[in-house]
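Understanding the architecture of this molecule
So you can see what is in the structure, the chains are spelled out below.
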Amino acid sequence: MVRFGLTVVRHGETKYNKDKILQGQGVDEPLSATGFRQADAAGLFLSNVKFTHVFSSDLLRAKQTAATILGKNKFCKDLEIKCDARLRERKYGVAEGRPLTDLKAMAKAAGEQCPSFTPSGGETLDEVRERARDFFEFLCRLAVELEQKEQDMHGAASRSSGTSEEQLVFPWTNHCSEAELSSDNGGASKILDANILVVSHGAYMRNWISYFVSDLNCTLPTNLTKSQLSSVSPNTGVSHFIVKLENGNLLKPEITCVCLNQDSHLVDVGAECVAPKVF
């Protein structure tokens, strides 16, 4: 069985986030001072996790967040951050660079509601989901290839002498209530074939998680509400999943959400932790 950890983090705050202006793909704003503090806090939260791979959207706010998080890590400061356009925010077309209220007005004029409304030149939710699906299948193939390479090089016995569990397993027990953990901690007590960090964007992440739940039957924490599931992550909110591929079967991944949009690390940052639902 192939098993890998997937940690997904939204980028830190930008001035446009604070002012409730849509960025999408066409506005490539850097992090604000608050955004860098949020990224620092997320980095400290994840500092004891030994990631094997790091992927980021190629937009500046995500790249800066990923670099800041890695800079705080005890094990993988020098790990290469691989940028991937499939992780970009949803494209909002003519609404990019305009206030969120303008998007809502466009939707109302069209007799539709956010977030399903697609402004001219923007991406539909199905198009965003297709990007997310394609990237996730790429991660699954990566994990399978790593496991096969490990077996070919050293044999199954080598796994017992590999990287220690403490460096691979996400430290939820230190940061989440017991109710937020699945009954077996998502199986996270066993060695993982890969532990992957992804830094992306709010609307994209919400669509990705929706794909996990509706298409792949992701197991969710028992106390998660529908409102929490449909909400956009706060800036630098952290979600963690354990993905299992029985016999390397890419078509039927078994996904367990250990925690969704975790934001306890933001308590002392002094920024708003609630994100508008359509971002």
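Since we're looking at a predicted model, the values are computed, not measured.

Some remarks on the pattern of salt bridges
Per the stated rule, a full pass over the model turns up nine salt bridges. The salt bridge partner of R86 is D84, with a shortest N-O separation of 2.8 Å. Given the relative accessible area of 14%, D84 is considered buried. Across the salt bridge formed by R133 and E137, the nearest N and O atoms sit 2.6 Å from each other. Here E137 and R133 lie together in helix α5 (residues 125–154), a separation of four residues that amounts to about one turn. Overlapping salt bridges bring together D84, R86 and D134 as one network.

Some remarks on unusual backbone geometry
A negative phi angle is the norm for most residues apart from glycine, just as the trans form is the norm for most peptide bonds. At the junction of C114 and P115, the peptide bond is cis and its omega measures out at 5° in the coordinates. Along the chain, the position of P115 falls in the loop between α4 (100–109) and α5. Positioned with a positive phi, N217 is a non-glycine residue whose angle comes to about 55°. As for its position among the elements, N217 is in the loop between α7 (202–216) and α8 (226–230). Take N217: its relative accessible area is 63%, and that puts it in the exposed class.

Some details on the environment of V144
Here V144 shows up in helix α5. Between the alpha carbons of V144 and G248 there is a distance of 5.9 Å; along the sequence they are 104 residues apart. If we skip the residues at most four places from it in the chain, V144 touches V2, L245, G248 and L250.

Thoughts on the confidence of the model for the protein
Keep in mind that low pLDDT regions are not for reading the predicted coordinates in detail. Per-residue pLDDT for the protein averages 86, and the proportion of residues at 70 or more is 83%. Note on residues 173–189: pLDDT under 50 across the span, and 26 contacts to partners over four residues away in sequence or across chains. Across residues 271–279, where pLDDT falls below 50, the model places 35 contacts with residues more than four positions away in sequence or in other chains.

Topic: empty space enclosed by the protein
Per the counting criterion, the structure on display carries three cavities of 30 Å³ or more. Size it by volume and the second largest cavity reaches roughly 50 Å³. Elements represented by at least two residues in the lining of the second largest cavity include exactly α7, α8 and β6 (254–262). The dominant element in the lining of the second largest cavity, judged by the number of residues it contributes, is α7, at four residues. Here the residues of the lining of the second largest cavity sort into five nonpolar, five polar and one charged.

About the cut-offs
Along each chain, residue indices are assigned from 1 in the same order as the chain's sequence is written. With pLDDT at 70 or above as the cut-off, local features in this predicted model cover only qualifying residues; side-chain atom pairs require 80 or more to be listed or tallied, and sums for whole chains, interfaces and linings still use all residues. Hydrogens and water are ignored here; the side-chain numbers use all heavy atoms of the structure. For salt bridges, the criterion is a side-chain nitrogen of Lys or Arg within 4 Å of an Asp or Glu carboxyl oxygen. Burial classification: accessible surface area is computed with a 1.4 Å probe over protein chains only, and a residue below 20% of its type maximum counts as buried, one above 50% as exposed, and the rest as partly exposed. Strands are runs of DSSP state E lasting at least two residues, helices are runs of H or I lasting at least four, and both sets are numbered from the N terminus onward. Working rule for contacts: check all heavy atoms of both residues, and any pair within 4.5 Å makes them a contact. Confidence of the prediction at every residue is given by pLDDT, a number between 0 and 100. The method works on a 1 Å grid over the protein atoms by themselves. A cavity is a set of points holding a 1.4 Å probe that cannot get out, a pocket is an open set with protein on both sides within 12 Å along at least five of seven lines, and residues with an atom within 4 Å of a point line them. Grid points are joined across faces, edges and corners, and a volume is the space filled by probe spheres set on the points. Any residue that is not Ala, Val, Leu, Ile, Met, Phe, Trp, Tyr, Cys, Pro, Asp, Glu, Lys or Arg is counted as polar, Gly included; the first ten are nonpolar and the last four charged.

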